[in-house]
Amino acid sequence: YLLPYLDLITTHFATVPYLILAIGALLLIVSICGIVAAAIKSRVALIVYAIVLGVVFALELASIFTSMELRNELEQRRLFHTRNNEVYEEMQYYWEDEDIKFKWDTLQRDFQCCGAYNLMTGFQDWSRPGSLNNRQESRRLPDSCCLEESEGCGNHESLFSDQLAYEKINLHGCFAIMKNRLHRDISPVLLTYIACAVVLALLTILTMVLAAAYVAAITRKNNQEKDGMGMYQNPGGNHAGTNRYEDTTISRPYADTLDSGIMNGSLRSVRSNRSNYNQIPESPIIKGDNHRASLYIEPSNEAGTVI
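Before going into details, it helps to say that this report is about the structure given with it. Computed from a predicted model, the values in this text were never measured in an experiment.

Our next topic: the overall build of the protein chain. Scanning the protein chain from N- to C-terminus turns up seven helices and four strands. Taken from the N to the C terminus, the helices and strands of the protein chain come in the order α-α-α-α-α-α-β-β-α-β-β. Relative to its full complement of 307 residues, the protein chain shows a buried share of 35%. Intrachain contacts of the protein chain at a sequence separation of at least 6 include 66% that bridge at least 24 residues. Carbon and sulfur atoms make up 56% of the accessible area of the protein chain, which totals about 18,700 Å².

As structure tokens, then:
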């Protein structure tokens, strides 16, 4: 339907298709990059992936609101009722600007029309006062207006007054024809796209959340590996009488009582070692001259248990 060519009527005709194409291209590229980033577990790549998804989400919202506005304008059928002078000004440069010539030739060939707004006399728009064509010695029509297009077929001034002109050229204005076609065909497509875009936007948000959660999981795992903690470890490590803090040693009897008696994968009761405690001299554990090691011993009622 060549919607971008109708940007003079409303910019939404060009904005909506370009937004849809941009979103589709970005999602394709970003999805591939996201799969690769998740496979290699790259924290930086996942962060970039989440940021680009945020940009895509913003474009999706813009396309949704723009599509809704364009659909409302099509439903009201007022787009082509007001004649835009910019359209006629553009038609004046048809014979000089190749881009404008290509645009109007494409519209008139595809919709089999000639001119702009008028239904039965649209071709007369090419002879409006003040146009470059009207200032020439003889008036003429674009060759794309002819029923059987050939070079110079529209170069006849008599076509503007010929009673049988309908046998040689298309009479209807392009916008008069497109008005009903756009309402019939484009409006339902826009409604379908709006519904799909809403679902796609929700999926984009969900993907952003999952990507952020994955980045947090990778960061947490890296931090655990860096400090050597990981999951719960016995304070005594794999060897009795040792502690994970450097330069701190404890004696064997007291090591058996750490963490309520957890040692070597078994749970012991502090009171089961009552006889051993009575044999231990009542002296603090000191390393060096001025440093006292921190040691937790579960409180008990036994006399003689001293830190």
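Before going further, it helps to spend a moment on a nonpolar patch on the surface. Nonpolar side chains collect at one region of the surface, where L28, I29, I32, V36 and I40 lie side by side and expose about 510 Å² of accessible area between them. On the secondary structure map, I40 appears in helix α1 (residues 12–40). For I40, a relative accessible area of 58% corresponds to the exposed category.

Here the focus is the state of the cysteines. Under the defined criterion, the tally for this structure stands at three disulfides. Here C113 engages in a disulfide with C174; their sulfurs sit 1.9 Å apart. In this structure the cystine formed by C113 and C174 twists about its S-S bond by roughly 85°; its chirality is therefore right-handed. With C113 in the loop between α4 (98–111) and α5 (174–227) and C174 in helix α5, this pair connects stretches of sequence that are 61 residues apart. Residue C113 shares its accessibility class with C174, and that shared class is buried. Covalently, C146 is tied to C153 through a disulfide, its sulfur atoms 2.1 Å apart. Its S-S torsion of approximately 110° makes the covalent link between C146 and C153 right-handed. Among the residues examined, C153 registers a relative accessible area of 16% and is labelled buried.

Moving on, we get to the packing of aromatic side chains. As enumerated under the stated definition, the model contains seven aromatic pairs in all. A ring pair is formed by Y94 and W126, whose centres lie 5.1 Å apart and whose planes are at 65°; its orientation type is edge-to-face. Taken together, the positions of Y94 in the loop between α3 (85–92) and α4 and W126 in the loop between α4 and α5 put the pair 32 residues apart, joining distant regions of the chain. Residue classification places Y94 among the buried residues on the basis of a relative accessible area of 1%. Sitting over the face of the ring of W95, R140 holds its NZ or CZ atom 4.1 Å from the ring centroid.

A few words now on helix α2 (residues 43–76). Three or four residues apart is the spacing at which side chains of an α-helix point the same way, because the helix has 3.6 residues per turn. With 34 residues, α2 should cover 50 Å at 1.5 Å per step; its first-to-last C-alpha distance of 50 Å lies within 8% of that length. Two to three positions downstream of the cap, the backbone nitrogen of A45 sits 3.3 Å from a side-chain oxygen, assigning the N-cap of α2 to S42. Just beyond α2, the residue with positive phi is R77, at close to 55°.

By size, the foremost hydrophobic cluster in this structure holds 39 residues, and its most contacted members are I9, F13, W104, W126, F175 and L182. Put simply, the parts of the chain that give this core at least two residues each are α1, α2, α3, α4 and α5. The element contributing the most residues to this core is α5, with seven residues. Contacts of I9, omitting those with residues within four sequence positions, involve L79, F80, V87, Y117 and F175. Formed by seven residues, the second largest nonpolar core is a distinct cluster that contains L27, V56, Y193 and A197.

Below, the discussion takes up unusual backbone geometry. The phi angle at K41 is positive, at roughly 55°, despite the residue not being glycine. Tracing the chain through its elements places K41 in the loop between α1 and α2. Its identity as a non-glycine residue notwithstanding, Q112 has a phi of 50°, on the positive side. Classification of Q112 as exposed rests on a relative accessible area of 55%.

Where α1 meets α2, the closest approach of the two axes is 9 Å, and the angle between their N-to-C directions is 155°. Judged on the interaxial angle alone, α2 and α1 are roughly antiparallel. The chirality of how α1 crosses α2 is left-handed. Classifying every residue of the contact of α1 with α2 gives 19 nonpolar, six polar and three charged.

Interaxial distance between α3 and α4 falls to 9 Å at its minimum, and their mutual angle equals 115°. With respect to their mutual orientation, α3 and α4 come out roughly perpendicular. Where α3 abuts α4, its residues V87, E90 and M91 lie against I100, K103 and W104. Split by residue class, the contact of α3 with α4 holds four nonpolar, no polar and two charged.

In this fold, T10 is placed in the segment before α1. Excluding anything up to four places from it in sequence, T10 contacts L70, E73 and L79.

Rules behind the numbers
- Residues numbered from 1 in each chain as written.
- Predicted model: local features only at pLDDT ≥ 70, side-chain atom pairs only at ≥ 80, totals over all residues.
- Heavy atoms only, no water.
- Helix = DSSP H or I, 4+ residues; strand = E, 2+ residues; numbered from the N terminus.
- Buried < 20%, exposed > 50% of the residue type's maximum accessible area, 1.4 Å probe, protein only.
- Contact = heavy atoms within 4.5 Å.
- Areas by Shrake-Rupley, 256 points an atom, 1.4 Å probe, with all protein chains shown as cover.
- Patch = residues over 30% accessible without salt bridge, like charges linked within 9 Å, V, L, I, M, F, W, Y side chains within 5 Å.
- Salt bridge = Lys/Arg side-chain N within 4 Å of Asp/Glu carboxyl O.
- Disulfide = S-S within 2.5 Å.
- Phe/Tyr/Trp six-rings, centres within 6.5 Å; stacked < 30°, edge-to-face > 60°.
- Lys NZ or Arg CZ within 6 Å of the ring centre and 35° of its normal.
- Expected span 1.5 Å × (residues − 1).
- Polar contact = N/O pair within 3.5 Å; in protein donor to acceptor, adjacent residues only side chain to side chain.
- Core = buried A, V, L, I, M, F, W, Y, C linked by side-chain atoms within 4.5 Å.
- Axes fitted to C-alpha atoms, helices over the stretch in contact; angles between N-to-C directions.
- Parallel < 35°, antiparallel > 145°, perpendicular 65-115°, else oblique.
- Left-handed = near helix turned anticlockwise from the far one by under 90°.
- Nonpolar A, V, L, I, M, F, W, Y, C, P; charged D, E, K, R; others polar.

Just geometry here; none of it tells us what the structure is for.
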